[in-house]
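Here's the letter readout for the chains.
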Amino acid sequence: MPRKLSKQASFTSPSSTTLSSTLTTSTTSQIPSSLTDPTLPLPKLIVFDLDYTLWPFWVDTHVLGPLKPNTTHSLATDRKGEDFAFYTDVPYILQLLPHAVSDANAPIKLGIASRTHAPSIAKDLLRMLHLPPTEDGDKPRKAVDVFDGGMEIYPGSKVKHIEALHKRTGVKYEDILFFDDESRNQETESLGITMRLVRDGVCWAEIEKGVEEWRRRRGFGKMA
């Protein structure tokens, strides 16, 4: 897993070898069985923060554009020569999660809610980082292309971000699950959504815990 960068002005980025190797970890290509049980419901919209949730850095503090991707699009390098990529499980989560079985038998929509002050760099990074092929036949594609629920990337309260995603998709607040690393953003739960607070980035275990909490609030109890 890429090392979580310091939330200080000075930091040392993880090596290119460490970052590029994250896309060859076979265990990340398997979606957990708890997310494919057709007898249990899933959120209709799953929303992710970006910084310290999908990737281990602040895009508006640590990344200095312009960015250039490597040949496999598993990482991007900024003008200072620092390398940036997703947390280990994230490429496969974004690739496979929409295919999890839901109660309506429809693909899960994915969205982004980020308050970064560098939205253009964040979007550039999402275009440059590609999702790898999977054992299920999914072809490589740009990360930005999986967020069919919309991308709200701008400073301000996350409540406004979630409201905009709700309006765009038509998904009820109670059917939205949100992953974020900052406790202050739990204010979004006033809308009726479920938020999962993550401390070390999104991984399959965090996805399962978030879905478990979402199900519990809907009266489905703990996952088996």
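Residues numbered from 1 in each chain as written. Predicted model: local features only at pLDDT ≥ 70, side-chain atom pairs only at ≥ 80, totals over all residues. Heavy atoms only, no water.

As recorded in an unreviewed UniProt entry, the protein chain goes by Magnesium-dependent phosphatase-1 family protein and comes from Pochonia chlamydosporia 170.

Asker: How would you summarise the confidence of the model for the protein chain if you had to cite specific residues and measurements?
Answerer: Taken as a whole, the protein chain shows an average pLDDT of 86; of its residues, 82% reach a score of 70 or greater. Contacts from residues 8-28, a stretch scored under 50 in pLDDT, to residues over four places away or in other chains number 43 contacts. (pLDDT = per-residue confidence, 0-100. Contact = heavy atoms within 4.5 Å.)

Asker: So, the environment of Ala 164: which residues are in play, and what are the values?
Answerer: You can see Ala 164 is positioned in helix H4 (residues 158-169). Not counting residues up to four positions away in its chain, the partners in contact with Ala 164 are Glu 152 and Tyr 154. (Helix = DSSP H or I, 4+ residues; strand = E, 2+ residues; numbered from the N terminus.)

Asker: Describe in detail unusual backbone geometry, supporting the description with residues and values.
Answerer: That bond from Gly 65 to Pro 66 is cis: its omega, 5 degrees, falls within 30 degrees of zero. Within the secondary structure, Pro 66 is located in the loop between strand S1 (45-48) and strand S2 (68-69). A positive phi angle, close to 60 degrees, is found at Tyr 52, a residue other than glycine. Within the fold, Tyr 52 resides in the loop between S1 and S2. The class for Tyr 52 is buried, based on a relative accessible area of 0%. Here the phi dihedral of His 73 falls at roughly 60 degrees; this positive angle occurs in a residue that is not glycine. (Buried < 20%, exposed > 50% of the residue type's maximum accessible area, 1.4 Å probe, protein only.)

Asker: Describe the pattern of salt bridges, with residues and values.
Answerer: By the definition in use, this model includes 12 salt bridges. Between Glu 174 and Arg 218 there is a salt bridge, with its nearest N and O atoms 3.8 Å apart. Placement of the pair is Glu 174 in the loop between H4 and strand S9 (176-180) and Arg 218 in the segment after helix H5 (204-217), with a sequence separation of 44 residues. Owing to a relative accessible area of 29%, Arg 218 belongs among the partly exposed residues under this scheme. Close ionic contact of Arg 217 with Glu 189 constitutes a salt bridge, the shortest N to O distance being 3.0 Å. Of this pair, Arg 217 sits in helix H5 while Glu 189 sits in the loop between S9 and strand S10 (194-197), and the two are 28 residues apart along the sequence. On the basis of relative accessible area, Arg 217 is assigned to the partly exposed category, the value being 41%. Connected through shared salt-bridge partners, Lys 44, Glu 174, Asp 175 and Arg 218 make up one network. (Salt bridge = Lys/Arg side-chain N within 4 Å of Asp/Glu carboxyl O.)

Asker: A description of the sheet that holds strand S3 (residues 76-77) should follow, citing residues and the corresponding values.
Answerer: Think of a sheet as strands paired side by side through backbone hydrogen bonds, with each pair either parallel or antiparallel. Spatially, 3 strands are ordered S2-S3-S4 in an open sheet, and the strand pairing comes out antiparallel. Strand pairing shows two members of the sheet lacking a second neighbour, S2 and strand S4 (83-84), which therefore form its edges. Where S3 lies against S4, 2 bridges are found, and the strand directions are antiparallel. Directly across from Ala 76, in S4, lies its bridge partner Phe 84. (Pairing = 2+ DSSP bridges.)

Asker: Can you explain H4? Please cite residues and give values.
Answerer: Between its first and last C-alpha, H4 extends 17 Å over 12 residues, near the 16 Å set by a 1.5 Å rise per residue. Within H4 the residues assigned to the buried category are Lys 158, Val 159, His 161, Ile 162, Leu 165 and Thr 169. When H4 is viewed along its axis, its buried side chains cluster within an angular range of 160 degrees and face the same direction. When the buried face of H4 is taken as reference, the exposed residues oriented beyond 90 degrees from it are Lys 160 and Lys 167. Contacts from the buried residues of H4 go to S1, strand S5 (109-114), strand S8 (150-153) and S9. Where H4 begins, one side-chain oxygen reaches toward the backbone nitrogen of Val 159, 3.1 Å away; that side chain belongs to Ser 157. (Expected span 1.5 Å × (residues − 1). Arc of directions from axis to C-beta. Polar contact = N/O pair within 3.5 Å; in protein donor to acceptor, adjacent residues only side chain to side chain.)

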